[in-house]
Structure formats: C-alpha cells, structure tokens
Amino acid sequence: MAKKWYLVNDDGTIEDELDTGNVFLTQKQIDYLNGAKKIKSHFLKVNDVYLSELVEVSDMVLILMQYIGYFNGVLTHRNGRVMYTDSMIKKLKKRSRSGHNAINKLISLDIIHRKKEGRKYYYIFNPFIAHRGPRVAKELYEDFRLSKWNSENYK
C-alpha cells in the first residue's frame, strides 16, 4: 500500500495532498533562498590552500583553469573540443620548445596529466587544485588520487 503525504496547516486542517513530485523545504532553506540571488556564470572551484604554492607557475595555471572541462577535467576549448598540445602551447603564449618545457613542468608538479588519443596528446587538470562542477568523474579522481595536492596526502 502506497504512503500518502498531506500538507496540514497549524490547526490540523488538510490543505492539499502531495505527490511524489513535491519537494519539502525547511524554513531555514526558504530563508536562505529568499536572501540569495543566483549568478549565471561559469564558476570554477579552486582549492585556495594551494594557491601560494603555485606562484612559480601561476600564470600558466590561471590560463589553463579557464579551459577545465565540466566533470571530467579535460582541458577543452570554449566550444567543447579537446585541447591538444599545439593549442595548449598557443594558449600559454609560448613558442614550441618553451611550450613543451612548460607542459612538462606542469606535469612534473602534478598539476596536469598527459593522455593519449590516437597520435595526439590531450591533458587533464588536477581536480584537487581546481575543477568545474560539484563532483568529478571517478576516472579523474583515480588519476590524481595519489597526488600531493590531494588533501588526504598533503603534507
């Protein structure tokens, strides 16, 4: 037998019968929603604890943060296409040789990881430094699980 839920006022009178599509909010939640305004923007979650340790490569990190893909951490262009090595070097405003050195520096610091797709390489950003969205893909998490930037491993 299915349960039925009712909306009852303070004197015990049934106001309405609720169905499975209804949502219940506490007064605290209602007060919060009434006192807040949603901002439509492309926000990024950044772990501010590590920012001071990224100063050496902060210019590159800030540039790359703009391109972190939602949920999967893949560095992508604004149109959603994957960013490969040559594009990344252009975004970092580097020449070929110094661009490859910069990418290798970011990899050695465990800020990004290199992945291969066919004959090209693409990159994923460490979600313990920054990520887009409330959650990250399990594969992305596992890729960086042992990273020094993971607060569970952070010294």
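Structure report, in brief. (Residues numbered from 1 in each chain as written. Predicted model: local features only at pLDDT ≥ 70, side-chain atom pairs only at ≥ 80, totals over all residues. Heavy atoms only, no water.)

## Observations regarding the nonpolar core
Move 1: By size, the foremost hydrophobic cluster in this structure holds 32 residues, and its most contacted members are Leu75, Met88, Ile111, Ile112 and Phe125.
Move 2: Of all elements in the fold, only helix H2 (58-65), helix H3 (85-91), helix H4 (96-108), strand E5 (120-125) and helix H5 (138-144) reach the threshold of two or more residues within this core.
Move 3: A per-element tally of this core places H2 first, with five residues.
Move 4: In contact with Ile112, other than residues within four places in its own chain, are Leu64, Leu75, Met88, Ile103, Leu106, Ile107, Tyr123, Ile124, Phe125 and Phe144. (Core = buried A, V, L, I, M, F, W, Y, C linked by side-chain atoms within 4.5 Å. Buried < 20%, exposed > 50% of the residue type's maximum accessible area, 1.4 Å probe, protein only. Helix = DSSP H or I, 4+ residues; strand = E, 2+ residues; numbered from the N terminus. Contact = heavy atoms within 4.5 Å.)

## Side note on the environment of Tyr70
Move 1: By secondary structure assignment, the location of Tyr70 is in the loop between H2 and H3.
Move 2: Linking Tyr70 and Glu56, residues 14 residues apart in sequence, is a C-alpha distance of 26 Å.
Move 3: If we skip the residues at most four places from it in the chain, Tyr70 touches Arg132, Gly133 and Pro134.

## A few points about H2
Move 1: Along H2, the residues classified as buried are Met60, Val61, Ile63, Leu64 and Met65.
Move 2: Here the buried face of H2 lies against strand E3 (45-46), H3, H4, strand E4 (112-117), E5 and strand E6 (130-131).

## Examining the pattern of salt bridges
Move 1: Tallied over the entire structure, the rule returns three salt bridges.
Move 2: One salt bridge connects Lys115 with Asp143, and the closest N-O pair in it is separated by 2.5 Å. Taken together, the positions of Lys115 in strand E4 and Asp143 in helix H5 put the pair 28 residues apart, joining distant regions of the chain.
Move 3: Using a relative accessible area of 22% as the deciding quantity, one classes Lys115 as partly exposed.
Move 4: A salt bridge links Arg145 to Glu142; the shortest N-O distance between them is 3.0 Å.
Move 5: Exposure remark for Arg145: the relative accessible area of 35% places this residue in the partly exposed category. (Salt bridge = Lys/Arg side-chain N within 4 Å of Asp/Glu carboxyl O.)

## A closer look at the side chain of Thr76
Move 1: With respect to the secondary-structure elements, Thr76 resides in the loop between H2 and H3.
Move 2: Judged by relative accessible area, Thr76 falls into the buried class, the value being 15%.
Move 3: Among residues more than four places away in sequence, those in contact with Thr76 are Tyr67, Gly69, Arg81, Val82 and Met83.

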